[in-house]
Amino acid sequence: MFRALGERLCYSFAMRTLVLYVSKTGNTLKYAEEIAHAVHADLLPARKFKPKMIAEYDTIVFGGWVMGNQIRGLDKFLVHYPQMKEKNILIFSCGMSMVTQQTRADMISSNILDLYHVRYYQLRGSFDYQKLGPIQKLLMNNSLRLVANDPNASAEQQALLAIKDTPIHYYDTEGVNKIISVLHRLETVVEVEEVK
Ligand SMILES: Cc1cc2nc3c(=O)[nH]c(=O)nc-3n(C[C@H](O)[C@H](O)[C@H](O)COP(=O)(O)O)c2cc1C
């Protein structure tokens, strides 16, 4: 698309974006769908991602649900980081924890995100203990036991102990809009001299 800009012409390329997701109960998928729809990106479950796809995109967004502070599937995705250094990489997590400076710092540290040149966004999703399968209930109970026995557990962690009786229904519209607006701003604009 050409657009007059004073003495110059401005040529803007449509950025090619891929949105990958790992979702167990649909919350991460909902965020991934909204992002992909807003920026006309391709949407794919992360298990179908192949390294040869990297060359086709300028930007890759990876969203994963959180279990035990780990973003599911992120390690497998970041194995390919050396081939993605020239790309824009955005990562978002979807967990039940409240989003605070502390929980964000914990997520960055638990997922060793400081090692990579990526943008990270922490989104809050829904959680309903009664809807979990037996294995997830068992894992959840183990996590809650760890928090209950940890004298250094933060107030946010302790608040999670009520999670079995209190389902969380959350959709972070502000958070997802922030990701979308960053993606819009990443659109590449190259200025070229006007030819008369
Ligand atoms: C076994 C288990 C462990 C979890 N651990 C965490 C956690 O450490 N931190 C967190 O924020 N959310 C945790 N969650 C909540 C999920 O991340 C949350 O429900 C998320 O919305 C699920 O996303 P999905 O619907 O895309 O699968 C846990 C959920 C389960 C079942």
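Computed from a predicted model, the values in this text were never measured in an experiment.

Asks: Looking at this structure, how should I read the overall build of the chain?
Replies: Tallying secondary structure elements over the chain gives 6 helices and 9 strands in all. Relative to all contacts within the chain whose residues are 6 or more apart in sequence, the contacts with residues 24 or more apart total 75%. Of the roughly 12,000 Å² of accessible surface on the chain, a fraction of 53% belongs to carbon and sulfur atoms.

Asks: I'm lost on the packing of helix H1 (residues 27–39) against helix H6 (residues 173–185) in this one. Help?
Replies: Each pair of packed helices can be summarised by the angle the axes make with each other and by the distance between the axes. Packing of H1 against H6 brings their axes to within 10 Å, and their N-to-C directions diverge by 30°. What the angle tells us is that H1 and H6 run roughly parallel. You can see that H1 and H6 cross each other, and the crossing is right-handed. Across the interface between the two elements, Tyr31, Glu34, Ile35, Ala38 and Val39 of H1 pack against Val176, Asn177, Ile179, Ile180, Leu183 and His184 of H6.

Asks: What's the story with the site of the ligand in this structure? I'm lost.
Replies: Lining the immediate environment of the ligand, one finds 22 residues, of which Ser23, Lys24, Thr25, Thr28 and Val66 sit closest. Ser126 places a main-chain nitrogen or oxygen 2.7 Å from an oxygen atom of the ligand. A total of 650 Å² of accessible area belongs to the ligand in isolation, and the protein chains cover 94% of it. The residue makeup of the shell around the ligand, split by class, is 9 nonpolar, 12 polar and 1 charged.

Asks: Can you help me understand helix H4 (residues 134–148) in this one?
Replies: For an α-helix, the turn length of 3.6 residues means that residues three or four places apart are oriented alike. For H4, built from 15 residues, the straight-helix expectation of 21 Å at 1.5 Å per residue is met to within 8% by its first-to-last C-alpha distance of 21 Å. Taken residue by residue, H4 has Gln136, Met140, Asn141, Leu144 and Val147 as its buried positions. Summarising the axial view, the buried residues of H4 lie within an arc of 140°, below the 170-degree limit, and thus occupy one face. More than 90 degrees from the buried face of H4, the exposed residues found are Pro134, Ile135, Leu138 and Leu146. Where H4 is buried, its residues touch strand S5 (59–67) and helix H5 (155–159).

Asks: I keep staring at H6 and nothing clicks. Help me out?
Replies: Spanning 13 residues, H6 covers 18 Å between terminal C-alpha atoms, matching the ideal 18 Å at 1.5 Å per step. For H6, every residue scored as buried is listed here: Gly175, Val176, Ile179, Ile180, Val182 and Leu183. One side of H6 carries all its buried residues, which in axial view fall inside an arc of 160°. Summarising the geometry of H6, the exposed residues directed more than 90 degrees from the buried face are Glu174, Lys178 and Arg185.

Asks: Which parts of the structure should I look at to understand the pattern of salt bridges?
Replies: Two side chains carrying opposite charge are able to pair once their charged atoms lie near each other. Scanning the entire structure with this criterion turns up 1 salt bridge. For Arg16, the salt bridge goes to Asp58, with nearest N and O atoms at 3.4 Å. With Arg16 in the loop between strand S2 (8–12) and strand S3 (17–22) and Asp58 in the loop between strand S4 (42–45) and S5, this residue pair connects regions lying 42 residues apart in the sequence. Take Asp58: its relative accessible area is 25%, and that puts it in the partly exposed class.

Reading the values: rules and limits
- Residues numbered from 1 in each chain as written.
- Predicted model: local features only at pLDDT ≥ 70, side-chain atom pairs only at ≥ 80, totals over all residues.
- Heavy atoms only, no water.
- Helix = DSSP H or I, 4+ residues; strand = E, 2+ residues; numbered from the N terminus.
- Contact = heavy atoms within 4.5 Å.
- Areas by Shrake-Rupley, 256 points an atom, 1.4 Å probe, with all protein chains shown as cover.
- Axes fitted to C-alpha atoms, helices over the stretch in contact; angles between N-to-C directions.
- Parallel < 35°, antiparallel > 145°, perpendicular 65-115°, else oblique.
- Left-handed = near helix turned anticlockwise from the far one by under 90°.
- Near = heavy atom within 4 Å.
- Polar contact = N/O pair within 3.5 Å; in protein donor to acceptor, adjacent residues only side chain to side chain.
- Nonpolar A, V, L, I, M, F, W, Y, C, P; charged D, E, K, R; others polar.
- Expected span 1.5 Å × (residues − 1).
- Buried < 20%, exposed > 50% of the residue type's maximum accessible area, 1.4 Å probe, protein only.
- Arc of directions from axis to C-beta.
- Salt bridge = Lys/Arg side-chain N within 4 Å of Asp/Glu carboxyl O.

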